[in-house]
Amino acid sequence: MRHLILFLLYLAGIVLSSLGLAMIIKSGLGVGPGDSVAVGVSMHLPVSVGTVLIISFIILLLINAWIEKKRPVYESILPIVVRGWTLDMFLYNMLPESGYDVWWTQWLIFTLGLLAMGAGIALYLRTPFPRIPLDHFMMIVNKKTNQSKSSVRIFAESGLALIGYLLGAPVGIGTLIVALSTGPVIQFFYVLLRPIIKLWGIHQKEKML
């Protein structure tokens, strides 16, 4: 029963983070650096944003395995598919198509989206199940280059934001806010959700994101 509860929390975290990401995209103020590439590609090809994310994450999963010279973490395909599928569900079917043209509604949906995405990521990170490959990739680069986590993230996200901008994605003030705020927001909820550790009886080492 304990593992079932943890798994449901894990799925809930991924779904909540997908809702937050969809709200940020809908706001029109600018998507996150990594997500801007998926949005940009979907603008030029007849594929959804979620589908692009699924394909890119699976490729990244294989790249992670090649860098580490280990077998691919195939278990990560589950959160990849759930993230992509639920993102498309919120983005194309559940969230309204209009109503984001007034500045205060844009900022409201953006802020709520940022909080939902951070809370969702923190929730899924608090469980002992496979991570989305992008999080794993950041850890690998950090270990290989011996650079700080913040330096690796800033460098990677700057490059992704540039690619997204060149593809025509909505890269704007919101992109900068997402890049600077996501880490602190995740960390806030990560600490808040510490009691979840008790569900699986393992003493995790606290790591700043």
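Structure: see above.
Okay, so let's go over this structure.

Conventions adopted
Residues numbered from 1 in each chain as written. Predicted model: local features only at pLDDT ≥ 70, side-chain atom pairs only at ≥ 80, totals over all residues. Heavy atoms only, no water. Helix = DSSP H or I, 4+ residues; strand = E, 2+ residues; numbered from the N terminus. Buried < 20%, exposed > 50% of the residue type's maximum accessible area, 1.4 Å probe, protein only. Contact = heavy atoms within 4.5 Å. Areas by Shrake-Rupley, 256 points an atom, 1.4 Å probe, with all protein chains shown as cover. Polar contact = N/O pair within 3.5 Å; in protein donor to acceptor, adjacent residues only side chain to side chain. Phe/Tyr/Trp six-rings, centres within 6.5 Å; stacked < 30°, edge-to-face > 60°. Lys NZ or Arg CZ within 6 Å of the ring centre and 35° of its normal. Salt bridge = Lys/Arg side-chain N within 4 Å of Asp/Glu carboxyl O. Patch = residues over 30% accessible without salt bridge, like charges linked within 9 Å, V, L, I, M, F, W, Y side chains within 5 Å. Lys, Arg positive; Asp, Glu negative; His and termini not counted. Charge placed at Lys NZ, Arg CZ, Asp CG, Glu CD.

1. Things to note about the overall build of the protein
Scanning the protein from N- to C-terminus turns up nine helices and zero strands. Along the chain direction, N to C, the helices and strands of the protein fall in the order α-α-α-α-α-α-α-α-α. Within the protein, the proportion of its 209 residues that are buried is 44%. In the protein, once contacts between residues fewer than 6 apart in sequence are set aside, the share between residues at least 24 apart is 78%. Within the structure as shown, the protein displays about 11,400 Å² of accessible surface, and the carbon and sulfur contribution to it stands at 72%.

2. Notes on the side chain of Ser 17
Within the secondary structure, Ser 17 sits in helix α1 (residues 2–27). Within polar-contact distance, the side chain of Ser 17 engages the backbone oxygen of Ile 14 at 2.7 Å.

3. A short note on the packing of aromatic side chains
A full pass over the atoms with the stated rule returns six aromatic pairs. Where Tyr 10 meets Tyr 124, the ring centres are 6.0 Å apart and the plane angle is 55 degrees; that geometry is what we call tilted. On the criterion of sequence distance, the pair formed by Tyr 10 in helix α1 and Tyr 124 in helix α5 (residues 103–125) is long-range, its members being 114 residues apart. Taking 5.2 Å as the distance between ring centres and 80 degrees as the angle between the ring planes, the aromatic pair formed by Phe 188 and Phe 189 counts as edge-to-face. For Phe 188, a relative accessible area of 52% gives the class exposed. The positively charged end of Lys 69 is found above the aromatic ring belonging to Trp 66, 6.0 Å away from the centroid.

4. Some details on the pattern of salt bridges
Going through the model one piece at a time under the given rule, you end up with two salt bridges. Residue Lys 26 is joined to Glu 97 by a salt bridge in which the shortest nitrogen-to-oxygen separation is 3.4 Å. In this pair, Lys 26 is assigned in helix α1 and Glu 97 in the loop between α4 (77–94) and α5, connecting sequence segments 71 residues apart. The exposure class assigned to Lys 26 is buried, which follows from its relative accessible area of 15%. Ionic pairing is found between Glu 75 and Arg 71, a salt bridge with its closest N-O pair at 2.6 Å.

5. Some words on a positive patch on the surface
Taken together, the side chains of Lys 69, Lys 70, Lys 143 and Lys 144 present a region of like positive charge at the surface. Relative to the assigned elements, Lys 70 resides in the loop between α3 (49–68) and α4. Accessibility expressed as a relative area gives 56% for Lys 70, which makes it exposed.

6. A look at a nonpolar patch on the surface
A cluster of nonpolar side chains, contributed by Val 102, Trp 103, Trp 104, Trp 107, Leu 108, Leu 112, Leu 115, Ile 173, Leu 176 and Leu 180, occupies part of the molecular surface with about 1,000 Å² of accessible area. Counting residues per element, the ones that place at least two in the nonpolar patch are α5 and α8 (173–192). Of the residues forming the nonpolar patch, the biggest block, six residues, is contributed by α5. Mapping Leu 112 onto the fold places it in helix α5.

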